[in-house]
Amino acid sequence: MNNFFDAEAMNKILSVISGVLMLCLCMTTNVFAATSPPLPLSIGDIRVPVNASGFQGVFYERKPDGGAGGVIPGVVVSFVREDGSVIKNVMTDINGRYRIDLAPGRYVVTATHDGYEAYSSAPGFFIVSGLGYQTGNIYLKKKLLTTILLIRYADKSFNQDQLSIMGQARAQELVHVAAKSGVKAIFATSTRRSQQTVQPLATYLQLTPVTYNASDYNNLRTLVFHHAGETVLIVAHIDTMQPIIETFGGDSHKLQLTGDEDDNLCVITVYGSGADKKASVVNLQYGQPSP
């Protein structure tokens, strides 16, 4: 009887001690939680504070067919708050990734890279909610370099719509000059002299010349940009060469016209194909010098 009483008393004492210890542990834990800073979360190999706020994502190349290409490192990304009070920049890493800390609000986002067309979210915004990092993946189009070889039709017979013997020789010289340039399309007006000028080159390259309206510069631009990123040849007239240069964003004064020359060859390099396109112009000559 005494042994039973002793065991029962001991169990009660142990229960009381256990309860006191648990109470002390709970109080200690609550004090620690109240006085210690939030512990960071772990996402992969990156430690992220639980109160972080901003945007993160990856920059990809947008392929001409609309698909996604590879990642783009070295993109400068700018976040400007709607009221202009905050301007923050970040650059994508070698994996094309970016992450930026931002307070809640609406931001206009721009992105620039030497090899790609500029990006802007305007008139839209990236909205930071304040609830961690939000994801904003962005696609950039590569800047296309389109090369245009611009010439006038070759020497024509006096008062006739056909090439002279000298003009025929110049048309053959055009094959020698342009055959290795990578020409993918040839554009000429419907005049016989224009068609005769390009025929030897077209035959050599196995291309069919595309006929365009000499005064419809907008349509010519559309036709050429179907071959954006490639090299094309345009045969023009003496009074349309400078307007064509201007149509593609170049400085028409780079073409030095001193008379009725047939030996001008302008190399127009167009950067991009949109509204922000730019062009450089180099005036060369080919074949026998014009009289």
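Bear in mind that the values here come from a model prediction, so they are computed numbers and not experimental data.

**Quick look at the overall build of the protein chain**
The number of helices and strands found in the protein chain is 5 helices and 18 strands. Counting only residues that meet the buried cut, the protein chain has 35% of its 291 residues in that class. On the protein chain, roughly 17100 Å² of surface is accessible, and the fraction owed to carbon and sulfur atoms is 57%.

**What about the sheet that holds strand β16 (residues 231-236)?**
On the basis of which strands lie adjacent, the open sheet formed by 6 strands has the order β15-β14-β16-β13-β17-β18 and mixed pairing. The two strands at the open ends of the sheet, each matched to only one other strand, are β15 (210-211) and β18 (278-285). The pairing of strand β17 (residues 264-271) with β18 spans 8 bridges and is classified as antiparallel. Of the residues in β18, the one forming a bridge with I268 is V281. Most of the contacts of helix α3 (residues 192-205) go to strand β14 (residues 183-188), to which it runs at about 160 degrees, and overall it touches β13 (145-152), β14, β15 and β16.

**Digging into the packing of aromatic side chains**
The final tally for this structure, using the stated rule, is 8 aromatic pairs. Ring geometry for F55 and F126: centres 5.0 Å apart, planes at 50 degrees, overall tilted. One end of the pair, F55, is in strand β3 (residues 53-62); the other, F126, is in strand β10 (residues 126-128), with 71 residues separating them in the sequence. The two residues F55 and F126 agree in class, both being buried. Taken together, a centroid distance of 6.4 Å and an interplanar angle of 70 degrees make the contact between F79 and Y107 edge-to-face. With a gap of 28 residues between them, F79 in strand β5 (residues 76-81) and Y107 in strand β8 (residues 105-113) connect regions that are remote in the sequence. In terms of burial, F79 and Y107 fall into one category: buried. Three or more aromatic residues link up through ring pairs in this structure, and these residues are F55, F59, F79, Y98, Y107 and F126. Over the ring of Y286 we find R170; its NZ or CZ atom is 5.8 Å from the centre of that ring.

**Some remarks on the side chain of E61**
On the secondary structure map, E61 appears in strand β3. In this structure E61 is buried but unpaired, with K142 as the nearest side chain of opposite charge at 4.4 Å. Not counting chain neighbours up to four residues away, the residues in contact with E61 comprise G67, A68, G69, G70, I72, Y116, Y139, L140 and K142.

**A short note on the packing of helix α2 (residues 165-178) against α3**
Where α2 meets α3, the closest approach of the two axes is 8 Å, and the angle between their N-to-C directions is 45 degrees. When the axes of α2 and α3 are compared, the pair comes out oblique. Viewed along their axes, α2 and α3 form a crossing whose handedness is right-handed. Between α2 and α3, the contacting residues are A171, Q172, L174, V175 and A178 on the first element and Q196, T197, P200, L201 and Y204 on the second.

**Quick look at the nonpolar core**
Core analysis: the largest hydrophobic core is formed by 21 residues, its most contacted members being L150, F187 and I234. Listed by contribution, the elements that provide at least two residues to this core are β13, β14, α4 (217-225), β16, α5 (241-247) and β17. In terms of residue count, α4 provides more of this core than any other element does, 4 residues in total.

**Quick notes on the pairing of β17**
The element β17 is extensively covered by neighbouring structure, given that 7 of its 8 residues are classed as buried. One ladder, built from 7 bridges, connects β13 with β17; its direction is antiparallel. Paired with I151 across the strands is L265, a residue of β17.

**What about the pattern of salt bridges?**
Applying the stated criterion across every chain yields a total of 6 salt bridges. The partner of D262 in a salt bridge is R152, with the nearest N and O atoms 3.0 Å apart. Linking D262 in the loop between α5 and β17 with R152 in strand β13, this pair joins segments that are 110 residues apart in sequence. Of the residues examined, R152 reaches a relative accessible area of 4% and is grouped as buried. In this structure, a network of salt bridges that share partners links the residues R152, D260 and D262.

**Description of α4**
Spacing of three or four residues puts side chains on the same side of an α-helix, whose turn is 3.6 residues. Within α4, the full set of buried residues consists of L220, L223, V224 and F225. Check the buried side of α4 and you find it contacts β13, β14, β15, β16, α5 and β17.

Calculation criteria
Residues numbered from 1 in each chain as written. Predicted model: local features only at pLDDT ≥ 70, side-chain atom pairs only at ≥ 80, totals over all residues. Heavy atoms only, no water. Helix = DSSP H or I, 4+ residues; strand = E, 2+ residues; numbered from the N terminus. Buried < 20%, exposed > 50% of the residue type's maximum accessible area, 1.4 Å probe, protein only. Areas by Shrake-Rupley, 256 points an atom, 1.4 Å probe, with all protein chains shown as cover. Pairing = 2+ DSSP bridges. Contact = heavy atoms within 4.5 Å. Axes fitted to C-alpha atoms, helices over the stretch in contact; angles between N-to-C directions. Phe/Tyr/Trp six-rings, centres within 6.5 Å; stacked < 30°, edge-to-face > 60°. Lys NZ or Arg CZ within 6 Å of the ring centre and 35° of its normal. Lys, Arg positive; Asp, Glu negative; His and termini not counted. Salt bridge = Lys/Arg side-chain N within 4 Å of Asp/Glu carboxyl O. Parallel < 35°, antiparallel > 145°, perpendicular 65-115°, else oblique. Left-handed = near helix turned anticlockwise from the far one by under 90°. Core = buried A, V, L, I, M, F, W, Y, C linked by side-chain atoms within 4.5 Å.

Nothing here speaks to function; it is geometry throughout.
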